[in-house]
Amino acid sequence: MANHVSSLKRAKQTLAKTAVNRSNRSKLRGSLRMLREALVKGDATAAKEQYRSTVSVLDKAVQKGVLHDNTASRYKSRLNARLKALATKAA
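In this report, we go over the structure that sits alongside the text. (Residues numbered from 1 in each chain as written. Predicted model: local features only at pLDDT ≥ 70, side-chain atom pairs only at ≥ 80, totals over all residues. Heavy atoms only, no water.)

**Quick notes on the nonpolar core**
Moving on, step 1. Judged by nonpolar contacts, the single largest core of 17 residues is most densely connected at L28, L39, A47, Y51, L67 and L79.
Moving on, step 2. When contributions to this core are tallied by element, the ones reaching two or more residues are α1 (5-41), α2 (44-63) and α3 (69-90).
Moving on, step 3. The element best represented in this core is α2, accounting for six residues.
Moving on, step 4. In contact with L67, other than residues within four places in its own chain, are L28, L58, A61, V62, A72 and Y75. (Core = buried A, V, L, I, M, F, W, Y, C linked by side-chain atoms within 4.5 Å. Buried < 20%, exposed > 50% of the residue type's maximum accessible area, 1.4 Å probe, protein only. Helix = DSSP H or I, 4+ residues; strand = E, 2+ residues; numbered from the N terminus. Contact = heavy atoms within 4.5 Å.)

**What about the side chain of N24?**
Moving on, step 1. Mapped onto the elements of the fold, N24 is located in helix α1.
Moving on, step 2. Ignoring anything within four residues of it in the chain, the contact list for N24 reads K64 and V66.

**Describing the environment of S73**
Moving on, step 1. With respect to the helices and strands, the residue S73 is situated in helix α3.
Moving on, step 2. With 18 residues separating them in the primary sequence, S73 and V55 have C-alpha atoms 9.3 Å apart.

**Some remarks on α2**
Moving on, step 1. For α2, spanning 20 residues, the distance from its first C-alpha to its last is 28 Å, which sits close to the expected 28 Å at 1.5 Å a residue.
Moving on, step 2. Listed as buried for α2 are A47, Q50, Y51, T54, V55, V57, L58 and A61.
Moving on, step 3. On its buried face, α2 is in contact with α1 and α3.
Moving on, step 4. Directly beyond the C-terminal end of α2, a positive phi value near 85° is found at G65. (Expected span 1.5 Å × (residues − 1).)

**Brief notes about the pattern of salt bridges**
Moving on, step 1. Scanning the entire structure with this criterion turns up two salt bridges.
Moving on, step 2. A salt bridge links R52 to E49, with the nearest nitrogen and oxygen atoms 3.5 Å apart. Here E49 and R52 lie together in helix α2, a separation of three residues that amounts to about one turn. Like R52, the residue E49 is exposed in the burial classification. (Salt bridge = Lys/Arg side-chain N within 4 Å of Asp/Glu carboxyl O.)

**A look at α1**
Moving on, step 1. A rise of 1.5 Å per residue sets the reference length of α1, with its 37 residues, at 54 Å; its end C-alpha atoms lie 54 Å apart and thus fit the reference within 8%.
Moving on, step 2. Within α1, burial applies to N24, L28, G30, S31, L32, L35, A38 and L39.
Moving on, step 3. Considering only its buried residues, α1 is in contact with α2 and α3.

**Some details on the packing of α1 against α2**
Moving on, step 1. Close contact between α1 and α2 brings their axes to 9 Å; oriented N to C, the two are set at 160°. One element, α1, and the other, α2, form an angle in the roughly antiparallel class. Crossing of α1 against α2: the hand is left-handed. In this structure, α1 uses K27, L28, S31, L32, M34, L35, A38 and L39 to contact α2, whose residues at the interface are A46, A47, Q50, Y51, S53, T54, V57, L58 and A61.
Moving on, step 2. Looking at the contact of α1 with α2 residue by residue, the classes come out as twelve nonpolar, four polar and one charged. (Axes fitted to C-alpha atoms, helices over the stretch in contact; angles between N-to-C directions. Parallel < 35°, antiparallel > 145°, perpendicular 65-115°, else oblique. Left-handed = near helix turned anticlockwise from the far one by under 90°. Nonpolar A, V, L, I, M, F, W, Y, C, P; charged D, E, K, R; others polar.)

In structure tokens form, the structure reads like this:
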């Protein structure tokens, strides 16, 4: 356990930041899961709407330091490719 005042403060800050990061990561994972489920169902319109919100969550995760920029770009690229494949298959 921390003994100095500064180390006690750092421990409290770490707990707070960990909670925020866990919340952001959970929101991101949930959004990705919902998009993947929409893609598997084959509903192009629902998948398109979910893609928009997922991209927003990905970008916010990058801003908050939860994800690296290139990781988010890779997710967006791969999900967009799946969305386009679904749209062309449906048409």
